2 protein chains.
Amino acid sequence: MIQKFRFGSPISTDATVEELPIIQVTKENLTAAASAKKDCPSTVKDAEIGVLTNFFHISLGQSFSLSLTMEDSDAVYGLGQANRGINKRGYKYISCCTDDPNHTEEKVSFYGAHNFIMLIGKVSFGLFIDYPANVCFDIGYTKQNELTISTEGRDLDLYLITRTQSDDKENTDNIDSDALCITREFRRLIGQSYIPPLWAFGYIQSRWGYMNENDIRRVAKNYRDNHLPLDSISMDIDYMEDYKDFTVHPDRFPDLAALSGEMSKQGLHFIPIIDAGVKIEKEYDVYEDGVKNNYFCKRANGTDFVAGVWPGKTHFPDFLNADARRWFGNLYKRLIDLGIEGFWNDMNEPAIFFSEEGLEEAAKKVEELLKVKDNPKLNDFWAMQGVFNINNDHADYKRFYHNMNGQKIRHDKVHNLYGFNMTRAAAEAFDRICPDKRLLLFSRSSYIGMHRFGGIWTGDNQSWWSHLLLNIKMMPSLNMCGFLYSGADLGGFGSNTTRDLLLRWLAFGIFTPLMRNHAALGTREQECYQFEGLDDFREILTLRYRLIPYIYSEFVKASQNNSLLFSPLAFSWPQDKVACEIEDQLLMGESLMLTPVYQPNVSGRTVYLPEDMLFVKFTSATEYKTESKKAGWHYIACALNEVCFFIRKDHLLPLCPPCECTGELDYSNFELLGKTKEGLSYELYMDDGYTKDIAHEGRYLTLK
Amino acid sequence: MIQKFRFGSPISTDATVEELPIIQVTKENLTAAASAKKDCPSTVKDAEIGVLTNFFHISLGQSFSLSLTMEDSDAVYGLGQANRGINKRGYKYISCCTDDPNHTEEKVSFYGAHNFIMLIGKVSFGLFIDYPANVCFDIGYTKQNELTISTEGRDLDLYLITRTQSDDKENTDNIDSDALCITREFRRLIGQSYIPPLWAFGYIQSRWGYMNENDIRRVAKNYRDNHLPLDSISMDIDYMEDYKDFTVHPDRFPDLAALSGEMSKQGLHFIPIIDAGVKIEKEYDVYEDGVKNNYFCKRANGTDFVAGVWPGKTHFPDFLNADARRWFGNLYKRLIDLGIEGFWNDMNEPAIFFSEEGLEEAAKKVEELLKVKDNPKLNDFWAMQGVFNINNDHADYKRFYHNMNGQKIRHDKVHNLYGFNMTRAAAEAFDRICPDKRLLLFSRSSYIGMHRFGGIWTGDNQSWWSHLLLNIKMMPSLNMCGFLYSGADLGGFGSNTTRDLLLRWLAFGIFTPLMRNHAALGTREQECYQFEGLDDFREILTLRYRLIPYIYSEFVKASQNNSLLFSPLAFSWPQDKVACEIEDQLLMGESLMLTPVYQPNVSGRTVYLPEDMLFVKFTSATEYKTESKKAGWHYIACALNEVCFFIRKDHLLPLCPPCECTGELDYSNFELLGKTKEGLSYELYMDDGYTKDIAHEGRYLTLK
């Protein structure tokens, strides 16, 4: 059951798709409900709001906060793209889309803002805070057993999701856990997740630093010559002319359409990047049209706001303005017409290196500080050091405004909707431009609701083993919030990767829908062919392709059924206390339990089986060993070039023959893994010519 | 067997204490040895150098490098205070004492420079690169199976430590592993490790931000009133007057001697900090004496070098000058005379916030950059951002010189000796000032050799769970390099800690010789009494005191026998492949195997037993459960307020009665844990009135 409580007059976010009755909450009726007796509330309203006051202590003034005392045994899930573990207890998190690649443990904000949490314990419930500015979740940070959610403003919609007796009665077969039921309810509320084209499940190679078409050709050639499977090359900012959106550099990429055709013959796709900021440059039509039609975000005085980003000084399209959204979305056609079928939207938190105002202030400060440079006090020196640290300054987010349906709204009040609406602009345009074709689309910044329009990658990470583990732990949380098409920069974006880290990361990455190896300019080159022992990479990438039918099929099911593609063990074995704490194993689809190795210098790991399962170890793409394992703890050996996982009992894994790109996938000849048992079958959802509804056609693979 | 190879004419570091014959290596005799037949070298020299060329490829030009191909199964240990795991394979490390608290995975330099590594495999050996400038260890980073050690210069001593047949013959009972034998040989070479006074094993509370004597009194009172055991309060820079070494702030600490006496009555010690830089201030006698006697490091032109550190502009004492060392060491007497018995030496990498030259250059650059501030190119903006990032700039290390025995040596050539010799200055002075008393002394920066003079803490870390794990993994490596008195800032120095992190970190910290809770200004207060549920903290701290006789006894044995206090499982069970990869369990002393919990939101962990052991779980300081466990994998439950570890078979753990400070330790009444077996005994090394040689008196505790 979902109840929608409204505080004040919230800005509409379009996060949800279901219409629900609104229970308006005021300070007065909150007090009344709290003082009314639980058993006999005096009005219907009191009874409705009483549900809230029974659970929480709510404080409502200029700001909003909600708190409750947790039991020691309660676990808290959700928050999508957030730091730390699957169970979010023990720290605080601030939903505020932030361009910060240095995800160390104390960081509270990542690229996305996903305000759904779930408390699972004696009493279980889900909460969605539909509020587009900062939301703080203190989940046992200040006090170990206190959960507090707070916002600076007080205009928001709060959805309370509970599993009621009637939910169970409706479906007597429903033996799902509270967590699974509440997630499904929430996912139904926010609408079906985006399904990309089948080729988007192929392996993607990327690097910030492919400077021209020959760089691209070289990547393609190295992959194809070495029989390293590949479906796409994603292009970072260097393909553009001076980083201008929807342009192609005339010298570096003289004929993108021809290049695209040339690559297409090799079964390869291009995925160009689109950045949020539009370069200020006379005679650049995107800039001129935007200015003319008032499509850019404005300062309080009505002038267009100026932010320094990759192209230098830019304006930000006002994606919260429906007209601007339509205009910007239509611009993607320029690249689609050149044969492009996929895009990634970047820098859309929006990231700001500097604003004109911020740089002016900093310059003044530094001029003042330089006066004491001959004998600076320490504070002066620290001030000098910090003076230009004006990237993504929250002060800048108060310097520009959106036009939402004629209403002028300061950016910081709706900050977390910006990337969402950039991606929505593109997705809605794709429906107009090529209604019969699914395009690939993923974004860096996001808010719940955007999951209907595109995927996300988890942003700029680092070549750290701990970020491989973070990737593992983040997948189920992303799924809870609707983001199914997702994955991390395999091998790590910043810092220098190593061969062993990349191999282990790929061995997990072959299970994530978005499987992309991406690295930053200046870091060690990390295309698979850069390392010794190519065979190891080839076998792991090839196994990905053998898995694609299963991954795609489970993906479509998860989208259609509002279920999880990646799921914590806790959601399936809530009574098993050990299973509930396992965060380095994941269920993936209906058949698999993943047990990735995420540490250096080890040749195996321990795994916990909540029930008997079949251990599978791939020693190459085609050779594997299986072994039945009993419930309990096991140590499994898993060398650097091996992929190990488990198949759940009474489940099957279909594998297609090896191939080097999705265009070669052979759906006519499956190998079935699993403990054979009479009548066991696997329902395979297939892709059929990139039409949108094909996923509804279930076909069955049955054991001979 | 240890062979000492000399390349060029190295600077003497005093790292070692054993005199060994020197085998001088030149490019010529290296070539000769390499071309000579292994079996019949033409000269003795060829034969000696042939040992080297048999193991390694050595390149000798203006710089030095040594490399070899590793087997997949080889493990590499050592490097003391370095990043990552116990097995150092898979990354690179640069020995260069560096003030950088942000120990993320890609960092290559920490506060100490410990150039001892050991390769353990089919062929095993140890290497000590006695070279006081940067040394790069590429241990399978560039190529997975290649080990390369390189230096910019070519003057160095290389010690090759191997286990020869004759080593075994000498001692037929010697069943120790290669790793243990090689470590012991190396430790004998570098001399016996520092032993602090017994009270140094008590719990130390610290914080950067105790501003005056009332802050200190409040900490003491909160600990004593709550019966939270405590032995010492360590004082960060705020006790000084304007951060001037060997001064006490007259308003904040009007009578340190009286305060010291007052605390002493409560069984408490003060441990003040001493920084490397001496404030430039007229009439400050330390400054004036230093200038007058040429005790400070000088620029090429002979003027005293100026570095901005905590006091503002300072000079660096030339600790590589024996006269300056003696002078600086004697200054500690000023505080010793006030009742101080322990010190920590800080900022002695040396950390430099800015040099006069560096700040001048930066100011010029920024003035130039500000000219384009109205329309900066991105590179201009990045340049502005980076312009004042001149902390610990390597260019500064080339701007000053030492006077070593009359020789003028540029700092960067001997950088890693600076902190070592600051601490040596203090330790040698203590021997003069109070020859009959052991004082506590630990340092931030260090080089091998300093382990004879004092301990180290592992420098500024963060309140990250990963840094608790790093602490665990670093302990045995530190021990291999001679640093026995050591520990991390429990709870984490930077960032905000949480109650659960502090409890888990304390539960490991009770086993480390240096047990100090320390935090940075501006972070959350993390004295144990700042958190709810004080009982949990009290029981864990009290258990520390019950363990002190064992910890002290094992510490003294490790110092006297050149053995490890903390040891990897790999060193004791080299044939057990699973044990060899375990890095989150440690042997501690002869009786214990530690199995700390280092993850949030878990109520236990898996442990691997290479042989049968006795599981011990303390549910309070006095209540415990034991259970015999068979060799193999086990899951053990361990709640946030519990301490779990294992006692090795045929070993005992003596526990004294609970108390609140080392002054109350009762050595007359031990509880003995372990599987009782006739004749089993534990040799307890005791402390006796702070004399230096008492540790040689072995006494036996025997089962009734």
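Given the structure is predicted, the values throughout are model-derived calculations rather than measurements.

Further remarks concern the overall build of chain A. Looking only at helices and strands, chain A has 17 helices and 40 strands in total. Computed over the C-alpha atoms, the radius of gyration of chain A is 26 Å, within 12% of the 27 Å expected from 2.2 N^0.38 for a compact globule of 704 residues. When its C-alpha atoms are laid out on the principal axes, chain A stretches across 75 × 70 × 60 Å. The buried share of chain A, taken over its 704 residues, is 66%. Within chain A, contacts between residues at least 6 apart in sequence are counted, and of these 72% link residues at least 24 apart. In chain A, 75 side chains carry a positive charge and 97 a negative one; their mean positions are 3 Å apart.

Turning our eyes to something else, we now look at the sheet that holds strand β11 (residues 146-151) of chain A. Residues and elements named next belong to chain A. Overall, antiparallel pairing links the 5 strands, which are arranged β3-β4-β11-β10-β6 in an open sheet. Of all strands in the sheet, those with a lone pairing partner are β3 (57-60) and β6 (91-95), marking the two edges. Between one strand axis and the next, the sheet turns through 10° on average, direction left out of account. Pairing of β6 with strand β10 (residues 135-139), which is carried by 5 bridges, proceeds in the antiparallel orientation.

Here we take up the interface of chain B and chain A. Contact residues are listed per partner, giving 59 residues for chain B and 58 residues for chain A. Here chain B is connected to chain A by 2 salt bridges. Residue Lys-373 of chain A pairs with Glu-360 of chain B through a salt bridge whose shortest N-O separation is 3.7 Å. Applying the counting criterion to the chain B and chain A interface returns 28 residue pairs in polar contact (both at pLDDT 80 or more). Among the secondary structure elements, those contributing two or more residues to the side of chain B that touches chain A are α10 (356-370), α11 (378-386), α13 (465-480), α14 (499-509), α17 (577-581), β32 (604-609) and β35 (632-637) of chain B. Looking at which element gives the most residues to the side of chain B that touches chain A, the answer is α10 of chain B, with 6 residues.

Moving on, we get to the relation of the copies chain B and chain A. Screw-axis analysis of chain B against chain A gives a translation of 0.0 Å along the axis, an RMSD of 0.0 Å, and a rotation angle of 180°. Seen this way, the second copy is the image of the first under a two-fold rotation axis. The fraction of interface residues of chain B whose copies in chain A are also interface residues reaches 98%, indicating that both copies meet through the same surface.

Residue and element names in this part refer to chain B. Read across the open sheet, the 9 strands follow the order β26-β25-β23-β19-β15-β14-β13-β28-β27; overall the sheet is parallel. Edge positions in the sheet fall to β26 (486-487) and β27 (489-490), since each of these pairs with one other strand and no more. In the sheet, strand β23 (residues 440-443) pairs with strand β25 (residues 455-457) via 2 bridges, with the strands oriented parallel. Following the sheet pairing, Ser-443 is matched in β25 by Ile-456. Here helix α5 (residues 213-225) sits on the sheet and contacts β13 (203-207), β14 (232-235) and β15 (269-275); the angle it forms with β14, its principal contact strand, is near 155°.

This part covers the environment of Phe-618 of chain A. All names here are of chain A. With respect to the helices and strands, the residue Phe-618 is situated in strand β33 (residues 613-618). According to the relative accessible area criterion, Phe-618 is buried, its value standing at 1%. For the pair Phe-618 and Cys-434, spaced 184 residues apart in sequence, the C-alpha to C-alpha distance is 40 Å. Not counting chain neighbours up to four residues away, the residues in contact with Phe-618 comprise Leu-543, Arg-546, Glu-623, Tyr-624, Asn-641, Glu-642, Val-643, Phe-645, Leu-655 and Leu-673.

A few words on the confidence of the model for chain A. All names here are of chain A. Summarising the model, chain A shows a mean pLDDT of 94, and 95% of its residues fall at 70 or more. Scored below 50 in pLDDT, residues 689-698 makes 22 contacts in the model with residues more than four places away or belonging to other chains. Complex prediction metrics read pTM 0.96 and ipTM 0.96.

Analysis parameters
Residues numbered from 1 in each chain as written. Chains lettered and ligands numbered in written order. Predicted model: local features only at pLDDT ≥ 70, side-chain atom pairs only at ≥ 80, totals over all residues. Heavy atoms only, no water. Helix = DSSP H or I, 4+ residues; strand = E, 2+ residues; numbered from the N terminus. Rg over C-alpha atoms; globule rule 2.2 N^0.38 Å. Buried < 20%, exposed > 50% of the residue type's maximum accessible area, 1.4 Å probe, protein only. Contact = heavy atoms within 4.5 Å. Lys, Arg positive; Asp, Glu negative; His and termini not counted. Charge placed at Lys NZ, Arg CZ, Asp CG, Glu CD. Pairing = 2+ DSSP bridges. Axes fitted to C-alpha atoms, helices over the stretch in contact; angles between N-to-C directions. Salt bridge = Lys/Arg side-chain N within 4 Å of Asp/Glu carboxyl O. Polar contact = N/O pair within 3.5 Å; in protein donor to acceptor, adjacent residues only side chain to side chain. Least-squares fit on C-alpha atoms with pLDDT ≥ 70 in both. pLDDT = per-residue confidence, 0-100.

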